[in-house]
Amino acid sequence: MPSWIEAGFEEYVKRFTKDISLHLIEVPAVKHSKNVNVETIIKTEGERILRSIPKNNEIIALDVKGQEWSSEQLAQQIEQWQVRGRDVSLLIGGPEGLSEDCLKMAKTHWSLSQLTFPHPLVRIIVAEQLYRAISILKGHPYHRSDVTNLH
(Lines give C-alpha, C1' and ligand atoms only; values in the text may rest on other atoms or scores of the structure.)
Protein backbone atom coordinates (compact mmCIF):
# COMPACT_ATOMS: atom_id res chain seq x y z
CA MET A 1 0.00 0.00 0.00
CA PRO A 2 1.42 3.44 -0.84
CA SER A 3 2.63 5.39 2.18
CA TRP A 4 0.21 8.26 1.46
CA ILE A 5 -2.72 5.82 1.77
CA GLU A 6 -1.44 4.55 5.10
CA ALA A 7 -0.82 8.13 6.31
CA GLY A 8 -4.30 9.26 5.24
CA PHE A 9 -5.98 6.34 6.97
CA GLU A 10 -3.93 6.81 10.14
CA GLU A 11 -4.75 10.54 10.19
CA TYR A 12 -8.43 9.72 10.68
CA VAL A 13 -7.86 6.76 13.01
CA LYS A 14 -5.96 8.95 15.48
CA ARG A 15 -8.93 11.36 15.58
CA PHE A 16 -11.30 8.69 16.90
CA THR A 17 -12.12 8.85 20.60
CA LYS A 18 -11.62 6.10 23.13
CA ASP A 19 -15.28 5.07 23.07
CA ILE A 20 -15.23 4.38 19.30
CA SER A 21 -12.19 2.94 17.60
CA LEU A 22 -11.31 1.84 14.09
CA HIS A 23 -9.01 -1.08 13.34
CA LEU A 24 -7.82 -2.26 9.95
CA ILE A 25 -7.41 -5.95 9.28
CA GLU A 26 -5.79 -6.51 5.90
CA VAL A 27 -6.34 -9.80 4.18
CA PRO A 28 -3.67 -10.71 1.63
CA ALA A 29 -4.91 -10.46 -1.94
CA VAL A 30 -4.70 -13.46 -4.21
CA LYS A 31 -2.06 -13.01 -6.87
CA HIS A 32 -3.35 -12.93 -10.42
CA SER A 33 -1.89 -15.45 -12.81
CA LYS A 34 -2.79 -17.16 -16.07
CA ASN A 35 -3.82 -20.29 -14.16
CA VAL A 36 -6.22 -18.60 -11.73
CA ASN A 37 -9.57 -17.26 -12.90
CA VAL A 38 -11.39 -14.27 -11.38
CA GLU A 39 -14.07 -16.42 -9.73
CA THR A 40 -11.39 -18.38 -7.86
CA ILE A 41 -9.71 -15.16 -6.75
CA ILE A 42 -12.98 -13.71 -5.43
CA LYS A 43 -13.89 -16.97 -3.64
CA THR A 44 -10.44 -17.35 -2.04
CA GLU A 45 -10.32 -13.72 -0.90
CA GLY A 46 -13.88 -14.07 0.45
CA GLU A 47 -12.87 -17.11 2.52
CA ARG A 48 -9.90 -15.18 3.93
CA ILE A 49 -12.10 -12.19 4.77
CA LEU A 50 -14.73 -14.31 6.53
CA ARG A 51 -12.05 -16.10 8.61
CA SER A 52 -10.70 -12.73 9.76
CA ILE A 53 -14.00 -11.45 11.18
CA PRO A 54 -14.16 -11.60 14.98
CA LYS A 55 -17.02 -13.71 16.36
CA ASN A 56 -20.32 -11.94 17.03
CA ASN A 57 -19.48 -8.90 14.93
CA GLU A 58 -22.22 -7.33 12.86
CA ILE A 59 -21.14 -7.49 9.22
CA ILE A 60 -21.56 -4.60 6.80
CA ALA A 61 -20.50 -5.16 3.20
CA LEU A 62 -19.32 -2.29 1.09
CA ASP A 63 -21.11 -3.01 -2.16
CA VAL A 64 -21.79 -0.83 -5.20
CA LYS A 65 -25.35 -2.26 -5.19
CA GLY A 66 -25.82 -1.34 -1.53
CA GLN A 67 -27.67 1.54 0.04
CA GLU A 68 -26.13 5.00 -0.16
CA TRP A 69 -26.22 7.03 3.05
CA SER A 70 -25.76 10.72 3.67
CA SER A 71 -23.34 11.66 6.44
CA GLU A 72 -26.32 12.15 8.75
CA GLN A 73 -27.74 8.74 7.83
CA LEU A 74 -24.35 7.13 8.52
CA ALA A 75 -24.38 8.82 11.93
CA GLN A 76 -27.80 7.24 12.56
CA GLN A 77 -26.41 3.85 11.51
CA ILE A 78 -23.54 4.23 13.97
CA GLU A 79 -26.04 5.06 16.72
CA GLN A 80 -27.99 1.91 15.88
CA TRP A 81 -24.81 -0.18 15.91
CA GLN A 82 -23.97 1.23 19.35
CA VAL A 83 -27.46 0.48 20.68
CA ARG A 84 -27.15 -3.13 19.54
CA GLY A 85 -23.88 -3.30 21.50
CA ARG A 86 -21.95 -5.28 18.92
CA ASP A 87 -18.72 -4.48 17.18
CA VAL A 88 -19.04 -3.96 13.44
CA SER A 89 -16.90 -5.36 10.65
CA LEU A 90 -16.95 -3.34 7.45
CA LEU A 91 -15.97 -5.59 4.56
CA ILE A 92 -14.13 -4.02 1.65
CA GLY A 93 -13.44 -6.44 -1.17
CA GLY A 94 -10.49 -6.54 -3.48
CA PRO A 95 -10.50 -4.95 -6.94
CA GLU A 96 -12.91 -7.66 -8.16
CA GLY A 97 -15.31 -7.08 -5.26
CA LEU A 98 -16.65 -9.25 -2.45
CA SER A 99 -17.58 -12.90 -2.77
CA GLU A 100 -21.19 -14.03 -2.69
CA ASP A 101 -20.50 -15.64 0.70
CA CYS A 102 -19.35 -12.28 2.12
CA LEU A 103 -22.40 -10.53 0.68
CA LYS A 104 -24.73 -13.18 2.13
CA MET A 105 -23.15 -12.90 5.61
CA ALA A 106 -23.64 -9.12 5.68
CA LYS A 107 -26.58 -7.70 7.60
CA THR A 108 -26.38 -4.51 5.53
CA HIS A 109 -24.89 -3.51 2.20
CA TRP A 110 -23.47 0.02 2.06
CA SER A 111 -22.54 1.84 -1.13
CA LEU A 112 -20.16 4.76 -0.80
CA SER A 113 -21.20 6.11 -4.18
CA GLN A 114 -22.11 5.16 -7.71
CA LEU A 115 -18.66 6.43 -8.62
CA THR A 116 -15.77 4.01 -8.93
CA PHE A 117 -12.89 4.66 -6.53
CA PRO A 118 -9.37 3.23 -6.61
CA HIS A 119 -9.39 0.31 -4.21
CA PRO A 120 -6.72 1.71 -1.81
CA LEU A 121 -8.51 5.06 -1.58
CA VAL A 122 -11.67 3.40 -0.23
CA ARG A 123 -10.07 2.81 3.18
CA ILE A 124 -9.41 6.56 3.56
CA ILE A 125 -12.92 7.46 2.39
CA VAL A 126 -14.47 5.01 4.86
CA ALA A 127 -12.31 6.26 7.74
CA GLU A 128 -13.12 9.90 6.95
CA GLN A 129 -16.84 9.24 6.63
CA LEU A 130 -16.94 7.32 9.90
CA TYR A 131 -15.07 10.15 11.61
CA ARG A 132 -17.49 12.67 10.08
CA ALA A 133 -20.51 10.69 11.27
CA ILE A 134 -19.11 10.41 14.79
CA SER A 135 -18.46 14.16 14.73
CA ILE A 136 -22.13 14.70 13.85
CA LEU A 137 -23.20 12.54 16.81
CA LYS A 138 -20.94 14.47 19.17
CA GLY A 139 -21.96 17.90 17.82
CA HIS A 140 -18.37 18.57 16.74
CA PRO A 141 -17.99 21.31 14.11
CA TYR A 142 -15.96 19.09 11.72
CA HIS A 143 -19.13 18.41 9.73
CA ARG A 144 -20.75 21.50 8.33
CA SER A 145 -23.85 20.69 6.32
CA ASP A 146 -24.83 24.31 5.72
CA VAL A 147 -22.27 24.94 2.95
CA THR A 148 -24.17 26.55 0.09
CA ASN A 149 -21.42 28.16 -1.99
CA LEU A 150 -19.10 25.79 -3.71
CA HIS A 151 -16.65 27.26 -6.20
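Enquirer: I'd love a proper account of the pattern of salt bridges, names of residues and values included.
Expert: Opposite charge on two side chains allows them to pair when their charged atoms are near. Under the counting rule described, the total for this entry stands at 7 salt bridges. With its nearest N and O atoms 3.1 Å apart, the salt bridge here joins E11 to R15. Ionic pairing is found between K43 and E47, a salt bridge with its closest N-O pair at 3.0 Å. In this pair, K43 and E47 are both assigned in helix α2 (residues 38-52), 4 residues apart and thus about one turn of the helix distant. By relative accessible area, which is 46% here, K43 ends up partly exposed. A single salt-bridge network, built from bridges that share partners, covers E11, K14 and R15.

Enquirer: Tell me what's going on with unusual backbone geometry, and back it up with residues and numbers.
Expert: In the Ramachandran plot, N56 falls in the positive-phi region, its phi being about 70 degrees despite a non-glycine side chain. Within the secondary structure layout, N56 lies in the loop between α2 and β1 (58-68). When its relative accessible area of 64% is taken as the criterion, N56 is described as exposed.

Enquirer: Tell me what's going on with the side chain of S99, and back it up with residues and numbers.
Expert: Tracing the sequence through the fold places S99 in the loop between β2 (88-91) and α4 (100-105). Residue classification places S99 among the buried residues on the basis of a relative accessible area of 6%. At a separation of 3.1 Å, a polar atom in the side chain of S99 contacts the main-chain amide nitrogen of C102.

Enquirer: Requested: an account of helix α1 (residues 3-13), with residues and values cited.
Expert: Residues of α1 that are buried: I5, G8, F9, Y12 and V13. The arc that holds the buried residues of α1, viewed along the axis, is 140 degrees, so those residues lie on one side. Among the exposed residues of α1, those pointing more than 90 degrees away from its buried face are S3 and W4. Buried residues in α1 make contact with α5 (119-138).

Enquirer: With reference to specific residues and values, describe the sheet that holds β2.
Expert: Spatial ordering of the open sheet is given by β2-β1-β3, a layout of 3 strands whose pairing is parallel. At either end of the open sheet lies a strand with only one pairing partner, and these are β2 and β3 (108-111). Taken pair by pair, the neighbouring strands of this sheet meet at an average axis angle of 45 degrees, ignoring direction. Alignment of β1 against β3, held across 5 bridges, turns out to be parallel. Considered in β3, the bridge of Q67 is made with W110. Packing of helix α3 (residues 71-84) onto the sheet brings it into contact with β1, β2 and β3, and relative to β1 it is tilted by some 160 degrees.

Enquirer: An account of the nonpolar core is requested, with residue identities and associated values reported.
Expert: Nonpolar side chains tend to gather and get buried jointly when the protein is soluble and globular. Counting residues in hydrophobic clusters, the biggest one holds 23 residues, and the most contacted among them are F16, L22, L74, I78, W110 and L130. Where this core is concerned, the elements lending two or more residues are α1, β1, α3 and α5. With 8 residues, α5 is the largest single contributor of residues to this core. Not counting the four nearest positions on each side in its chain, L22 is found in contact with F9, V13, F16, A127 and L130. In terms of nonpolar packing, the next biggest core, distinct from the first, is built from 9 residues, I49, A61, L91 and L103 among them.

Enquirer: Give a detailed account of the environment of N57, specifying residues and quantitative values.
Expert: With respect to the helices and strands, N57 occurs in the loop between α2 and β1. Exposure remark for N57: the relative accessible area of 14% places this residue in the buried category. Put simply, N57 and Q73 are 16 residues apart on the chain and 21 Å apart in space, counted from C-alpha to C-alpha. Of the polar contacts made by the side chain of N57, one reaches the side chain of S89; its length is 2.8 Å.

Reading the values: the criteria
Residues numbered from 1 in each chain as written. Predicted model: local features only at pLDDT ≥ 70, side-chain atom pairs only at ≥ 80, totals over all residues. Heavy atoms only, no water. Salt bridge = Lys/Arg side-chain N within 4 Å of Asp/Glu carboxyl O. Helix = DSSP H or I, 4+ residues; strand = E, 2+ residues; numbered from the N terminus. Buried < 20%, exposed > 50% of the residue type's maximum accessible area, 1.4 Å probe, protein only. Polar contact = N/O pair within 3.5 Å; in protein donor to acceptor, adjacent residues only side chain to side chain. Arc of directions from axis to C-beta. Contact = heavy atoms within 4.5 Å. Pairing = 2+ DSSP bridges. Axes fitted to C-alpha atoms, helices over the stretch in contact; angles between N-to-C directions. Core = buried A, V, L, I, M, F, W, Y, C linked by side-chain atoms within 4.5 Å.

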